[in-house]
Each structure stands twice: as structure tokens, then as C-alpha cells.
Protein chains: 4
Amino acid sequence: MSKTVTKIGVLTSGGDSPGMNAAIRAAVRTALYYGLEVFGIYRGYNGMIEDEIVQMDSRSVANIIQRGGTILKTARSKEFYNEEGRKKAYANLVKRGIDGLVVIGGNGSFTGAYKLSQEFGLPCVALPGTIDKDLYGTDFTIGFDTAVNTAVQCIDKIRDTADAHDRLFIVEVMGRHAGYIALHSGIATGAENILIPEEETTIEEVIASLSEKEKRKKLVNLVVVAEGHSSGGANGVAEILKANLPNLDTRVTILGHIQRGGSPTCLDRLIASRMGYHAVESLLEGRHNVMVGILNNAMHYTPIEIAIREKQRLGDDWMKMVKILAS
Amino acid sequence: MSKTVTKIGVLTSGGDSPGMNAAIRAAVRTALYYGLEVFGIYRGYNGMIEDEIVQMDSRSVANIIQRGGTILKTARSKEFYNEEGRKKAYANLVKRGIDGLVVIGGNGSFTGAYKLSQEFGLPCVALPGTIDKDLYGTDFTIGFDTAVNTAVQCIDKIRDTADAHDRLFIVEVMGRHAGYIALHSGIATGAENILIPEEETTIEEVIASLSEKEKRKKLVNLVVVAEGHSSGGANGVAEILKANLPNLDTRVTILGHIQRGGSPTCLDRLIASRMGYHAVESLLEGRHNVMVGILNNAMHYTPIEIAIREKQRLGDDWMKMVKILAS
Amino acid sequence: MSKTVTKIGVLTSGGDSPGMNAAIRAAVRTALYYGLEVFGIYRGYNGMIEDEIVQMDSRSVANIIQRGGTILKTARSKEFYNEEGRKKAYANLVKRGIDGLVVIGGNGSFTGAYKLSQEFGLPCVALPGTIDKDLYGTDFTIGFDTAVNTAVQCIDKIRDTADAHDRLFIVEVMGRHAGYIALHSGIATGAENILIPEEETTIEEVIASLSEKEKRKKLVNLVVVAEGHSSGGANGVAEILKANLPNLDTRVTILGHIQRGGSPTCLDRLIASRMGYHAVESLLEGRHNVMVGILNNAMHYTPIEIAIREKQRLGDDWMKMVKILAS
Amino acid sequence: MSKTVTKIGVLTSGGDSPGMNAAIRAAVRTALYYGLEVFGIYRGYNGMIEDEIVQMDSRSVANIIQRGGTILKTARSKEFYNEEGRKKAYANLVKRGIDGLVVIGGNGSFTGAYKLSQEFGLPCVALPGTIDKDLYGTDFTIGFDTAVNTAVQCIDKIRDTADAHDRLFIVEVMGRHAGYIALHSGIATGAENILIPEEETTIEEVIASLSEKEKRKKLVNLVVVAEGHSSGGANGVAEILKANLPNLDTRVTILGHIQRGGSPTCLDRLIASRMGYHAVESLLEGRHNVMVGILNNAMHYTPIEIAIREKQRLGDDWMKMVKILAS
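Just so it is clear, the structure is predicted and the values come from calculations on it, not from any experiment.

### Focus on the overall build of chain A
Along the backbone of chain A there are 11 helices and 11 strands. For 327 residues, the compact-globule estimate of 2.2 N^0.38 gives 20 Å, and chain A sits close to it at 22 Å. Its C-alpha atoms put chain A at 70 × 35 × 35 Å along the principal axes. The buried share of chain A, taken over its 327 residues, is 66%. Of all intrachain contacts in chain A linking residues separated by at least 6 positions in sequence, the fraction that spans at least 24 positions is 75%. A total of about 11,200 Å² of accessible surface is found on chain A, and carbon and sulfur atoms cover 48% of it. Looking at chain A, you have 37 positive and 38 negative side-chain charges, and the mean spots of the two groups are 4 Å apart.

### Structural notes on the domain arrangement of chain A
When the parts of a complex come together, some accessible area is lost, and that lost area is often taken as the interface size. All names here are of chain A. According to the domain assignment, chain A contains domain 1 (7–143 + 264–309) and domain 2 (147–260). Its C-alpha centre places domain 1 at a distance of 35 Å from the equivalent point of domain 2. Each side of the interface is counted separately: domain 1 has 10 residues, and domain 2 has 10 residues. In total, domain 1 and domain 2 occlude about 830 Å² of area from one another, counting both sides; carbon and sulfur atoms represent 58% of this. Three residues, I131, D132 and K133, lead the burial of domain 1 against domain 2; their summed loss comes to 53% of the area buried on that side. Linking domain 1 with domain 2 are 0 salt bridges, by the criterion used here. Between the two partners, domain 1 and domain 2, sit 2 residue pairs in polar contact (both at pLDDT 80 or more). For the side of domain 1 that touches domain 2, the per-class residue count stands at 2 nonpolar, 4 polar and 4 charged.

### Quick notes on the relation of the copies chain D and chain C
Take chain D, turn it by 180°, move it 0.0 Å along the axis, and it overlays chain C with an RMSD of 0.0 Å. The operation mapping one copy onto its partner corresponds to a two-fold rotation axis. Minimal C-alpha distance to the rotation axis in chain D is attained by N296(D), lying at 2.2 Å. Of all interface residues in chain D, 100% are interface residues in chain C too; the two copies therefore contact each other through one and the same surface.

### Describing the sheet that holds strand β1 (residues 7–12) of chain A
Residue and element names in this part refer to chain A. What the 7 strands build is an open sheet, ordered β3-β2-β1-β4-β5-β10-β11; its pairing is mixed. Of all the strands in the sheet, just β3 (53–56) and β11 (298–303) have a single pairing partner and so form its edges. Between one strand axis and the next, the sheet turns through 30° on average, direction left out of account. Here helix α1 (residues 20–33) sits on the sheet in contact with β1, β2 (37–41), β3, β4 (100–105) and β5 (124–128), set at roughly 180° to β1. Across the sheet, helix α4 (residues 107–120) touches β4, β5 and β10 (290–295), and the angle it forms with β5 is around 170°.

### As for helix α3 (residues 83–94) of chain A
Residues and elements named next belong to chain A. Spanning 12 residues, α3 covers 16 Å between terminal C-alpha atoms, matching the ideal 16 Å at 1.5 Å per step. All of the buried residues along α3 are G85, R86, A89, Y90, N92 and L93. The arc that holds every buried residue of α3, seen down its axis, measures 150°, which confines them to one face. The exposed set on the far side of α3, more than 90 degrees from its buried face, consists of E84 and K87. Check the buried side of α3 and you find it contacts β2, α2 (44–50), β3 and α4.

### Some words on unusual backbone geometry
A positive phi is found at E199(A), a non-glycine position, where the angle reads about 60°. As for its position among the elements, E199(A) is in the loop between β7 (193–195) and α7 (203–215).

### Regarding helix α11 (residues 318–325) of chain D
Most of α11(D) sits inside the fold, with 6 of its 8 residues counted as buried. Within the span of α11(D), buried status applies to W318(D), M319(D), M321(D), V322(D), I324(D) and L325(D). Where α11(D) is buried, its residues touch α1 (20–33) and α9 (266–284) of chain C together with α6 (180–188) and β7 (193–195) of chain D.

### Some thoughts on the pairing of strand β6 (residues 168–173) of chain A
Both faces of the sheet carry side chains from a regular strand, because those side chains alternate between them. Residues and elements named next belong to chain A. Burial within β6 is extensive, with 6 of its 6 residues counted as buried. Here β6 shows a buried face lined by L168, I170 and E172 and a second buried face lined by F169, V171 and V173. Bridge count for β6 against strand β8 (residues 221–226) is 6 bridges, and the pairing is parallel. Of the residues in β8, the one forming a bridge with V173 is A226. Pairing geometry for β6 and strand β9 (residues 250–254), over 5 bridges, is parallel. Directly across from L168, in β9, lies its bridge partner T250.

### Some thoughts on the packing of aromatic side chains
The full count for this structure, using the stated rule, is 13 aromatic pairs over all chains. Note on Y33(A) and Y34(A): the rings are 5.0 Å apart at their centroids and 80° apart in plane angle, and the pair reads as edge-to-face. A relative accessible area of 44% means that Y33(A) is categorised as partly exposed. If you follow K133(A) out to its NZ or CZ, it ends over the ring of Y180(A), 5.1 Å from the centre. Positioned above the aromatic ring of Y301(D) is the side chain of R287(D), whose terminal nitrogen or guanidinium carbon lies 4.2 Å from the ring centre.

### Regarding the sheet that holds β9(A)
All names here are of chain A. The strand order across the open sheet built from 4 strands is β7-β8-β6-β9, with neighbouring strands paired in parallel fashion. Because the sheet does not close on itself, it has two edges, and the strands there are β7 and β9. Pairwise comparison of adjacent strand axes, ignoring direction, gives a mean angle of 20° for this sheet.

### Describing the interface of chain D and chain C
Each side of the interface is counted separately: chain D has 47 residues, and chain C has 47 residues. Carbon and sulfur atoms make up 57% of the surface buried where chain D meets chain C, a total of about 3,900 Å² over both sides. The largest per-residue losses of area from chain D upon contact with chain C belong to C266(D), I324(D) and L325(D), which jointly make up 16% of the total buried on that side. Between E281(C) and K320(D) there is a salt bridge, with its nearest N and O atoms 3.8 Å apart. On inspection of chain D and its partner chain C, the count reaches 16 residue pairs in polar contact (both at pLDDT 80 or more). Listing elements by their share of the side of chain D that touches chain C, those giving two or more residues are α1 (20–33), α5 (144–165), α6, α9 (266–284) and α11 of chain D. Ranked by residue count, the leading element in the side of chain D that touches chain C is α9(D), at 9 residues.

The rules behind these values
Residues numbered from 1 in each chain as written. Chains lettered and ligands numbered in written order. Predicted model: local features only at pLDDT ≥ 70, side-chain atom pairs only at ≥ 80, totals over all residues. Heavy atoms only, no water. Helix = DSSP H or I, 4+ residues; strand = E, 2+ residues; numbered from the N terminus. Rg over C-alpha atoms; globule rule 2.2 N^0.38 Å. Buried < 20%, exposed > 50% of the residue type's maximum accessible area, 1.4 Å probe, protein only. Contact = heavy atoms within 4.5 Å. Areas by Shrake-Rupley, 256 points an atom, 1.4 Å probe, with all protein chains shown as cover. Lys, Arg positive; Asp, Glu negative; His and termini not counted. Charge placed at Lys NZ, Arg CZ, Asp CG, Glu CD. Domains from an automatic or database assignment. Buried area = accessible area lost by both parts, 1.4 Å probe. Salt bridge = Lys/Arg side-chain N within 4 Å of Asp/Glu carboxyl O. Polar contact = N/O pair within 3.5 Å; in protein donor to acceptor, adjacent residues only side chain to side chain. Nonpolar A, V, L, I, M, F, W, Y, C, P; charged D, E, K, R; others polar. Least-squares fit on C-alpha atoms with pLDDT ≥ 70 in both. Pairing = 2+ DSSP bridges. Axes fitted to C-alpha atoms, helices over the stretch in contact; angles between N-to-C directions. Expected span 1.5 Å × (residues − 1). Arc of directions from axis to C-beta. Phe/Tyr/Trp six-rings, centres within 6.5 Å; stacked < 30°, edge-to-face > 60°. Lys NZ or Arg CZ within 6 Å of the ring centre and 35° of its normal.

Structural data, given as C-alpha cells:
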């Protein structure tokens, strides 16, 4: 039998992503509904160490479902990497009687939760909060849909200018290790080529395709590049393309941090709400040390250590479609 | 063995939905890639009867992926309901050698395709294009995600005013027979109550919950109502609430047709592109008279007659969550 | 010599409008900069009577410049109409030593400020906060630019559907006595006709122009109507048009309260900031009982009693342009 | 007496700006209304030389008022700098009988029009189409309002992340020689500092103000920098700040080309429509070789040679307000 949870802490950690507030709201209100006490831990594991912990009620999370960022703030904590830091952090939970934890973040944040559960037996539940979408065990991560829509809206604007000037635009989107934002935003904006860390397309193929388009006078072109692509992001790609296709009028735009913020989309608010709600139910039902995901329309619970280790992989029929549709 | 398709027609029919253009683009370009000829049929089955049929090339669908509405226009056709109309329509396909059809629309549009396939043996493929989401055999319908995001953005604005004035707002969203837009937009905006044609919540429960909130001085409230709710949409609900809760400052907003238009979201462009692409592959591979859907992340093909008859049903754990989160 | 102001109150009153928060922020921070104390008065004159008055510091207005609505809330107060109510209200200012007032709102709100200045000698400054734009003595009112952009974005979406279906859409925008929202949004969306309370165009002219368009098969049409138009808003206009042009496929959309909310545009934030800043400077410089406006790019101060009495009038060359451009 | 104009050409030149399509539409339809013939000249002066000139009717400009970019495309032309190029260009006008020209663009585009008017006596009218706003003789330039709203929306998103992480963000906006976009977007987003080519604030002042804020633990900060600022844009500023304030967590985002595109705001559509309309009236009334602007709410006509030479200057009371409001 698992321990009964009576007081829970909630924190956000790692890079912020839109929808984190909706998840916090759902976790807080569900916990209150079931008679638990809830504490907000500020600045991720940093605040757990520094004792920035504040009790929350229903009003604490009023009118935040539509806001980007996270009201609990977020940070990366070096001190939490060593055991001493974690002991100090755990002591701050113990002194308030906090006996359950909801962690919203990405891979690194999950590792923190895993350590707490292993070292102190603290029941933890993790929610996938990252714009990168590459977490294992879930079809959706909180923030991806908003980030990719922001990218699409920006690229739509860039295409107006590309079109007015007959230019080649190389747009860099976020994604150090995963190409989801690049792939989805590239397809949705009709990009001629998409370059992702998974290397589905080579730079040589891009040169060949643009060269063929130049011959038939299609001069307006768009290449979407994930920041983690091996040629060095958009600037690296631009250098190579300019060397190989000197007649094209080539420009670079790096979307950067605007992809992280903004009011979350309906989908991000919805999945964040569902996940926050089921996180608390999961703690209450004794389903501990799992990541709460949604897979094939149903809630899906992945042991945290597996969620940390595995990655969601891109399916493989995308690039053929990209090539055909952008012709 | 199925017939080989060499020339296809594409049409949109019924109410327009954002993403239809992305589906047209994908179907046209995929067909061209495989060496088919493609014809755009204007104004749905009306244009098939009136012979408004135009050959399309790759440029015909350039720069439309981001546009709402449908470049092929749409209509509802009475004449197509009787056999004579359909004969006239089919004759216009025959004279051009069109031997395959891609139909984008909802239930009524599928019925047209089914008739053509039954009466003339014409290979047809249907794509789910409706903002209502209630089609069977697919997790996504083209346009739903955009419509529900439009609703959410509007309700966010209304909440600013509700909040400034301590008012109860009753917002009507689209959905004659299905509550998906109301449910998703209501959850995403933190609505206190959601009234849908499926009648998961009664008006008495709404009165009770608002009355309880009035007692504890929570005066800012939001009720989202699907147009098809039995009490007569938002105006009907408002009348009942005003009679029962005369002290509340109650206002009605009917979102109406703004939910149909607008630039499609990333998700709608993506699923529309995938569906348009697989529609043509489906025709070529002899998978005829099916609706192309996406179910559990994979392409899913439902015989048209089943897609016409069955409905996607709401899951049943939603209303408990709504009640808990809006507390 | 005018009295020296040392403690000021700030309130918003009447219908909320986007940008009010930016004005509050500017007034509060400017006052603090000059060493004044600042008090927020909640729910307009209601809160002044009910003593809902809270001291504010720089942090009170952090991170609100981008928010719709008003953090001070707003209301219409009946009690303030009679002298007794105003005495009670003024007493609440006196007991805190509040000796200056910044009022953000429309005509009715100005009247309240005027009464306070006349009856008690309280130095007041009024800021034009209304989406209707029809205030005298200023080229801009706080909220108009946001409201009209919201209307334009909605009508753009409606046009997608109008276009897909060859329909006539009649869209109602806000404006009981003033046609500015209708006029600007109508021109910006290429409306065929615009009907405003100022009656620049008659319904007969609309019928004639749509009838002429019907003859040359231009079936996609858009008529923008201000809610205060004499034929009874969009529904009234639709009835008349359907009776006279029965072959047109006519639909009505009433934009309603979504025009009030939402994150303010750059322009609304900028003018609200300037006005809030100059409101305090005006109080300090002894320029009392004026409305702070911007006219011909310069700050302009209109005595409140004149601002109450006069209206901004529409220029008269607009309708010819509308007619020519929508051809 | 001035020549009677009977056939006009319309072109867009230089960097594209949102609203150019609205101006084209207005010029074309006004010209048709007055019985003129209208020709669209593609790719600015390039197309005039290359004879890319196409007659336009009312339908040519249907449904474009809401689109970014320019349907006539734009380019910078080297050949037009020398007389031979211009002779070739003018010959292409003469052979169609084009005896009047509407040029939409910035300074460089005006110079082209001026040359044509001087060398060949061609009646020209120029419209201020630039997102930079710094043209003389007009309060508004086509595209500025859209660009600055795009910048504001992006910076709002960035602030979500800045806030979640307690970071200093340095955001670069467009403006090589003019600080209007930086100034307006910076005020509207509550930026702590704004650095513009006009050098109203020094980098030393920025360091001092951030240092003071660091002391009182205000770690979330935003600096908006125009690309043309002498320290080398946002990257240059970041380097200096990091060297001087090593404890701040500093990030850079360069908004880039997304500021050029997108659907124009209501204001940009409105002023573009007015300017396009009055451009044609101006040609017909013999008011030639002027830039059509709007000054103090009235149409204002500046001789092109003056519009080329002079610049709109920033007013000088802005920076004090910035400092007070961002405290």
C-alpha cells in the first residue's frame, strides 16, 4: 500500500512553456477539491532549497489559465545536483508536512523528481512541460502547440516579404535535439525544405532542390531549420547556400525566445488542465513516480525513470510528403 | 481489382471550415506528383451540376495553405438530392474523363459522394471538413482546432469585461448537435458551466452552482452554451437565469460566424495536408469509398456509409473536471 | 494660485476599455515619481462611496500595461447621482487626505468628476477612456484602436465564409450614438456599405447598391452596421434587406462584447501612457478640471464641462470614398 | 494648367510594408471610378524597365485589403540609377500612353519618381510606404502601425519568459536610422530602457539604471534597441552589458523580418486607403510631384524634393516619460 498524500507541493522547472499556468491551476484546484493542502514552490528546485514556498488557495490560481510563463517562476538549479542541496530542499518540504510533489517541466526536471522519490521516498508525479514535444510516453507536451503556432504565424509574415521580394528566407526555430517545431511549422507554412537535428534531409538535397527551383524561376522559397541542426542553425545553412547558390537573394531570421511565451492555445490549456487534474488523482490513487501523459486519447502513465531515458521519435513518412507538397 | 484512377476532381461542400485550402493544396499536388490530372469543381455538387469545373496545376494552389475559407467555394445543393441532378453532374465528370473524386466536407457532403459511388461506380474518397469535430473514425476534423481557438480568444476578451464589471456572461458558440466547441473552449477559458446538446449538465445544476457562487460573492462568471442546447442557446439560457438569479448582472454574446473563418492553426494545416495527401494515395491504391481520418496517430480509413451513419461521442469524464477546475 | 496636490486617487468608471490599465500604471508611477501618495479607488464612484480604496505602490501596477479590462474594476453608480451619495464619497477621500483625482472613463464619468470639483473644490483631471472615440477635444480615446482592430479581425474571418458561400453578411459593431467603429472597421474590411447613427447613408441607398451588385453577379457582400443605427442594428437591417432582396443569402453576426476586451494595441498603450503621465503633471501644475486629450500631436486640455457637453463629429468626405473603394 | 491625366501606372518600391495592398486597391478603384485606365507595374522600377506592366480592373484588387506584402511585388533597381535605365523605363510607359504615376515606397522610391517628373515631365504622386515612420510631411506612414504592433506582440511573449526566469532581455527591432519602432514598442511594453539611433539615451545610462535595479532585486528587465543604434544593435549592447553587469542573466532576441509582414492593422488599412484615394484625386486636380501625407488629421501635400530631403524628427519629451513609467 502506498502512503496517503495530504499536502502537496507544485513546482515548474527548466525552460518555461505556455500552459504551465493551466497545469498549476488544475493541480491546485483538484488537490483542494480532494481536501489536500497545496503549496507553490517558487523558481523550481532553487526555491525548494531556498525555502520559497507559499501555501495556495483557489484564488491563487484565478485568472491565470490564459497566461504564458509560470506564476511559480522557474529556474535551473546547480545546487540540486548534489545530495546536500537535495537534503536541504527535502527538509523544507518535511517541515511543512508536504508529502507529495507535482513537477512540471522537461527531462532535467524529471530527474530532480526521480532523485527525491529515490532518496527520500517522496511520492512524485511529473507533467511533460516543454515546447520541444520529444518526451516519451505522451502524444502532447504542454507548450508545443502554442510554440509551433507562434512559429507558424511568424513565418506567415515572413512569407509576405519573401513573396514581395522574390527572396529565399531561412528561418530558424527552436529545437536543440528535436525537430518537431521545425517539421510541423515547416509543413504548415509550405516550406520548401526542412532541416532538423534528426537529419532526415541533407544540406545537399536542399541545394539540389533550390537549384532546380531557380532554373524554373521559382525564386520565393522558404527553408525552416531547427536550431540544433548540424550545419549550425540558420546562419550556418545560409552560409552554405550562399556559397552554392550565389544568385539567390537570401535572408535569415531567427525566431528565438518569442516561441516560448504568449497566451497558450486551446489545446495546450486543455491538455495542461487534464494533466494537472490527473496528476493529483494519480498521487491520491497511489500511482507514484510516473509521468502523466496522454497517449491515443487516453491518460498514460510512464515510470519517471523511463520517461527520463527514452525519447519520442519522429515518424518517418514526413519528408516525402514535404517534398511533394512544396513542389 | 479496382479501377486505375487517372483524372480526379476535388470539391468542398457544406459549411466552410479553416484548413480546407490546405487539404485542396495537398490533394492537388500529390495527384500531380503521381502523374494524375486534377480538376477543381466549384461550389460543391452545385458546380458539378452546373459544370463549373476547371483544371488545376501546381500554381493553382500556391500561397493558399494559410487562408481560411475555400478557393473552390462551397454550397449546399438541392438539385443533387434527386437522381436527375446527380446524372447531370456525373455526365460533367465523364466528359472530362474524371474517374476519381476527393470530397472535403461533413456528413451531407459524404452522402453525395456515397451516392456517386453507388450509382455510377465512381471511386470516391472523403475528408472530414467540419468545425464540429463529431465525425466518426477520426480524432481530428479539419477546422475544429481553428474554430475552437477563435472561440477561446473571443471568450478571453469577454472575460476582461466580465472581470472589470463583476458580470455573468453567457457565451454561445457553434454546435447544433455536438458540444465539442463548447466543451473545449469552456474548459480552456475556465468557464463555470458548460451547456451542450449532449445534456451532460442540466440548467438546474447551473442555477444551483451560480447561486452558491453568488452567496460567496464570486460574481464574475462565465457560462458557455452550444447553440444546439435544448434551452434555446445563450438567449434561452439567459432568460432562465435572469428569472432565477435576478441579482446577477447578466449579458449574452453569440460568437456566430467568426468561428468559421480565419487563417487555420498549425494543427489544422497539418492534418489537412496529411489527409489530402493520403486521400490521393488511397485512390491510387484502390482504397475507395472511404473517409480518410487520423485515429490514434495513424491514418484510418472508414467506409463512407459508416462515416455517414455513426457519430463521434463525447467521453464522459469531462464534466467532473469542469466542475472541480472552475471552483 | 491653485492648491498643491499631495495625495491622489485614481478610478476607472463606465464601460471598460482596453488601455485603462496602461493609463492607471502611468498615473500611479508618475505620481510616485513626484513624491505623491496614490490610492486606487475600486469600482468607480461606487467604490468611492463604499470606501473600497487601497494605497498603491510601483509594484501594484507592474505587468499590467498589456492587459485588457481594468485592475481597479469599474461600475456605474446610481447613488452617486444624488448629493448624499457624493458627500459620503468625498468624505472617504477626505479621511485619507486625498486632494486630487484622476478619472478614466467616458462622458458619464466626467460628469461625476465635474460634480466633485464644483461641490467640494476637489481638483480633478479626466482621461478619455471609451471605445466609441466620440469625445470632444482629443483625436484619440483610450480603447478605440483596440476595439476597431478586434472588429476588423472578426470581419476578416467572416469574409472568408462570405466568400466561400457567396453570401451577404450584415455585421453589427458597437456604437450607440457614434459611428466611428463602424466607419473605420467598414473601410478597413472593404465593406460595401456602412450604416451609422449619424445616418450618412440611407437604407434605400444600401438596397439600391446591393441590387445593382446582384445584377452584375457580385454576390459576396458585407454591410457593417453600428448598433445604434435607426433601423434597429444588424437584425433590423437584415429584415429590411431580406424583404427587398429576397434572392440574396443573408446572414447576421453581432460582434458584441468581444470588442471591449483584449490586450490593447500599441497605440492604445502609448496614448494611455501619455495621458496618464500628463494627467498627473496637469494636477501638479494647477491645470485642474480638464480632460487630457491629444490633438494634432500635442497634449490638449479641455475644461471638463465642455468635454461633457460637446461631441467629436465625423468628418464628411468618408462616404464617397467608401462607395468608390468598395465597387 | 497641368496636363490631363488619362492612364496611370501604380508601383510599389523599396522594402515592402503592410498596407501597400490597401493603397494599391484604393488608387486603382479611384482611378477607375474617374474613368482612367490603370496599369500595375511589377517589381518597382525594375518592372518598369523590364516592361512587366499589366492592365488592372476592379477585380484585380479584390480581397487584398487585408493582405501583407504587395501584389505588385517590389525590388530595388540599380539600372534605374542611370539615365539610360530611366529612358528605357519611360519608353515602356509612353508606349501604353501612361501619363501619370503613383509610387508607393520610401525615400529611395521617391527619388525615382522625382527623376521621372524632372526628366520627362511625368506627373507623379508619392505615397509614404515604410515601416520606419520617419518621412517628413506626414504623421503616418503605411506599415508603421502594423510593424510596431507586431513588435509589441512579440515583446509581450518575451516578457512572459523574462518574468518566469528573472532575466534581462535585449530585444532588437527594426530601424536603421529612425527610432520610432523602438520608442513606441518600448513604451508600450514597459521597457526599462530604449536605445535608438537618435541617441537620446546613452549606454552608460542603461548600465546605471540596470545596476540600480539589480541592487533592489528587480531582475526582470527589458531593453529595446533599434538595429541602427551605434553600439551595434542588440548583440553589441548585450556584450557591453554582460561585461558591466556580469550577474545578470542576459538574453538577446532579434525580431527581424517578421516586423515587415502580416495583415495590416485597421489604421494602416485606413490611412493607405485614404492616401491611395487622394493620390488619384491629386493627379486629376493637377497637384503633381507631391507626397500625399496626413498631417493633423488633414491631407497634406509635400513637394517630392522636400519629402526626399527632410526627415520627421522625434519629439523630445519621450525619454523622461520612459524613465518614470518603467521605474
